[in-house]
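Analysis of the macromolecular model
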Amino acid sequence: MRAVVQNDKNRVVLAMAALAAVAAVTVVSGCAGPEDEAGVRPAAGQQAHRAAAAPDDHAALVAAARRWGLDAVPLRPPAPPKYKPRITARDGFEVDGQVEDDLPPVFTTVPTRKKVVFLTVDDGSEKDPDFLRMMSELRIPYTAFLSNYLVKDDYGYFRRMQAEGHTLNNHTLTHPYMPGLTYEEQKHEICGMQDIMKRQFGKAPTVFRPPYGNYNGDTLRAAKACGIKYAPIWDEEVFVDHWEYREWDRGLHPGDIVLTHFRGRNDWDGTMVDDMRRFLNKVTRDGYAVARLEDYL
């Protein structure tokens, strides 16, 4: 009799173990998603979604893409690299003393084989709330380069941007042609903006973009003195009605930095939402995801 009871207990234990194993497989299968999405993190500034909510999350992105008039759902970027690529000045973009003085490199593309591009938005003139909503709902990371004379009337707009995880960087106080200034004048433009950004946004950045992409040795020396480590410019520029390219092949490449501006109908025949629709449709069509620049620096 005791043997029969023991056998019944054994069968119960085995059955419970089998059910646990099935449940574990179900959970893993539900969390992993498609093979090419394994390990992909949410876009910068977004809260991580519960793994079990992944199907609903995708449905939300599909709905957002439809709501903002996109041709397709933007591709999700891969996880940031474990080892950051070595960033050097682009050939022909160096200044005298570039290596010897360890000056911030000017570059247009980040070394990577992954099909990602980096969106950067300059100056801060247009403060379109629809742009913030669009990029938040679509979970698209971007980097803003701010000039104080254009952002000082509404620092709060950029604080909201920062709160969503987007990085705010230095684009000088008044957006001058830097090579036309003395070293001390350039240092005032850069360091002065550093002070304002620390006061208004809590942190002085280490990334700086010279206005118009123009610079000289004094620009980079002044930038270094102000705590700047990188001076990215761009490989492509997107407008509301067209693209412009630096390279002869007029196409995107892995790691390209794309420039656009905070502009609206006062300057363009369209809005920032129209501009982003053009940008996202192209990069998605060409098989690229939008990654966060600072994850690679």
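Our structure's up above, just so we're on the same page.
In this report, the structure presented in the accompanying data block is examined.

Definitions and cut-offs
- Residues numbered from 1 in each chain as written.
- Predicted model: local features only at pLDDT ≥ 70, side-chain atom pairs only at ≥ 80, totals over all residues.
- Heavy atoms only, no water.
- Axes fitted to C-alpha atoms, helices over the stretch in contact; angles between N-to-C directions.
- Helix = DSSP H or I, 4+ residues; strand = E, 2+ residues; numbered from the N terminus.
- Parallel < 35°, antiparallel > 145°, perpendicular 65-115°, else oblique.
- Left-handed = near helix turned anticlockwise from the far one by under 90°.
- Contact = heavy atoms within 4.5 Å.
- Core = buried A, V, L, I, M, F, W, Y, C linked by side-chain atoms within 4.5 Å.
- Buried < 20%, exposed > 50% of the residue type's maximum accessible area, 1.4 Å probe, protein only.

Packed helices, taken two at a time, are described by the angle between their axes plus the distance between the axes. Relative to each other, helix α6 (residues 183–201) and helix α7 (residues 217–225) sit at 45°, their axes nearing to 9 Å. Our classification of the angle between α6 and α7 gives oblique. The handedness of the crossing between α6 and α7 is right-handed. Mapping the contact onto sequence places Y183, Q186, K187 and I190 in α6 and D218, T219, R221, A222, A223 and A225 in α7.

Before going further, it helps to examine the nonpolar core. In this structure, F131, L146, M161, F262 and F279 are the most contacted members of the largest nonpolar core, which totals 40 residues. Elements with a contribution of two residues or more to this core: α2 (54–67), β2 (116–123), α3 (129–138), β3 (143–146), α5 (155–163), α6 and α8 (272–285). At six residues, α8 tops the list of elements feeding residues into this core. Contact partners of L146, with chain neighbours within four places excluded, come to D123, V151, F158, L168, N169, N170, H171, T172, M193, M197, F201 and F262. Of all hydrophobic cores here, the second largest spans 22 residues; its members include F107, F118, A291 and L293.

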